[in-house]
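The chain contents come next:
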Amino acid sequence: MARSSKKRPVAVTGSWQPIPLDFLRSRACAELSPLGAKLLLDILGMLRPNAAGNGDISLTPKVMAIRGWSGRASLGAAVQELLANNLLVMTRQGSRLDCSLFALTLYPLDCDISKLDVRPGCYLTNDFKASDGSLGDVPTDCKPALWRRARKTQTVAPPRYEVPSKRSATVRSAKPK
């Protein structure tokens, strides 16, 4: 009995976006902070089917407030994280009158190229793997994925109960040169 050569249809209603499995299984995806993962999902939701409109993505606070982003600092930190991990590339530098535009590097550019500062081929769709390919590896038990924090908390004041260290006698008697 011969098998049918037809593919089984995808059981999804409405439009959907394919995401490469090598990215979803990679260390680059597993090590995203929660803010970075949320922004990545929001950007995927802004694209039209088959990643149409990639390169024409605006991440202004007013546009992202609709998606639940209330703070500029958290949005800026998530954008910087995706830029640092080569998941996002700036396609147009914003000015006083124009906003910055971005493209998701998982898909090729697909928008009006005339308004961008970059041209097709400015990035590869596997740039998230890093130059040495370490972020493209699958996390294992020996080398699990660790979240990278979008923002680091900084202590302004020194610890309360810090005891000043005493200098040794040789250090105190040494003459400056």
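Only a predicted model underlies this, so the values are computations on that prediction, with no experimental measurement involved.

Novice: Could you give me a rundown of the overall build of the protein chain, with the residues and numbers involved?
Specialist: Scanning the protein chain from N- to C-terminus turns up six helices and three strands. The N-to-C order of helical and strand elements in the protein chain reads α-α-α-β-α-α-β-β-α. A separation threshold of at least 6 residues defines the contact pool for the protein chain, and within that pool the share at least 24 residues apart is 62%. Accessible area of the protein chain: about 13,000 Å², with a carbon and sulfur share of 56%.

Novice: Can you break down the pairing of strand β3 (residues 101-104) residue by residue, with the values?
Specialist: Side-chain alternation along β3 places Leu 101 and Ala 103 on one buried face and Phe 102 and Leu 104 on a second face that is also buried. Strand direction decides the pairing type here: strand β1 (residues 57-58) and β3, joined by two bridges, are antiparallel. Looking across to β3, one finds that Ser 58 is bridged to Leu 101. As paired elements, strand β2 (residues 88-92) and β3 share four bridges and run antiparallel to each other.

Novice: Describe in detail the packing of helix α3 (residues 34-46) against helix α5 (residues 72-84), supporting the description with residues and values.
Specialist: Axes are the key here: two packed helices are described by the angle between their axes and the distance separating the axes. Orientation of α3 relative to α5, taken along the N-to-C sense of each, is 85°, at an axis distance of 9 Å. Between α3 and α5, the crossing angle belongs to the class labelled roughly perpendicular. Listed contacts from α5 to Leu 35, Gly 36, Leu 39, Leu 40 and Ile 43 of α3 are Ser 74, Leu 75, Ala 78, Val 79, Glu 81 and Leu 82. Considering only residue class, the contact of α3 with α5 consists of eight nonpolar, two polar and one charged.

Novice: Outline the pattern of salt bridges, listing residues and values.
Specialist: A complete count under the given rule lists four salt bridges for this structure. Notably, a salt bridge pairs Lys 115 with Asp 56, separated by 3.0 Å at the nearest N-O pair. Separated by 59 residues along the polypeptide, Lys 115 in the loop between β3 and α6 (169-173) and Asp 56 in the loop between α3 and β1 bring together distant segments of the chain. Residue classification places Lys 115 among the partly exposed residues on the basis of a relative accessible area of 33%. Exposure remark for Asp 56: the relative accessible area of 34% places this residue in the partly exposed category. In this structure, a network of salt bridges that share partners links the residues Lys 38, Asp 42 and Arg 67.

Novice: Account for unusual backbone geometry, with residues named and values stated.
Specialist: In this structure, Asn 50 is a non-glycine residue whose phi angle is positive, near 60°. Relative to the assigned elements, Asn 50 resides in the loop between α3 and β1. At Ala 51, a position not held by glycine, the phi torsion is positive, near 60°. Tracing the chain through its elements places Ala 51 in the loop between α3 and β1.

Thresholds applied
- Residues numbered from 1 in each chain as written.
- Predicted model: local features only at pLDDT ≥ 70, side-chain atom pairs only at ≥ 80, totals over all residues.
- Heavy atoms only, no water.
- Helix = DSSP H or I, 4+ residues; strand = E, 2+ residues; numbered from the N terminus.
- Contact = heavy atoms within 4.5 Å.
- Areas by Shrake-Rupley, 256 points an atom, 1.4 Å probe, with all protein chains shown as cover.
- Buried < 20%, exposed > 50% of the residue type's maximum accessible area, 1.4 Å probe, protein only.
- Pairing = 2+ DSSP bridges.
- Axes fitted to C-alpha atoms, helices over the stretch in contact; angles between N-to-C directions.
- Parallel < 35°, antiparallel > 145°, perpendicular 65-115°, else oblique.
- Nonpolar A, V, L, I, M, F, W, Y, C, P; charged D, E, K, R; others polar.
- Salt bridge = Lys/Arg side-chain N within 4 Å of Asp/Glu carboxyl O.

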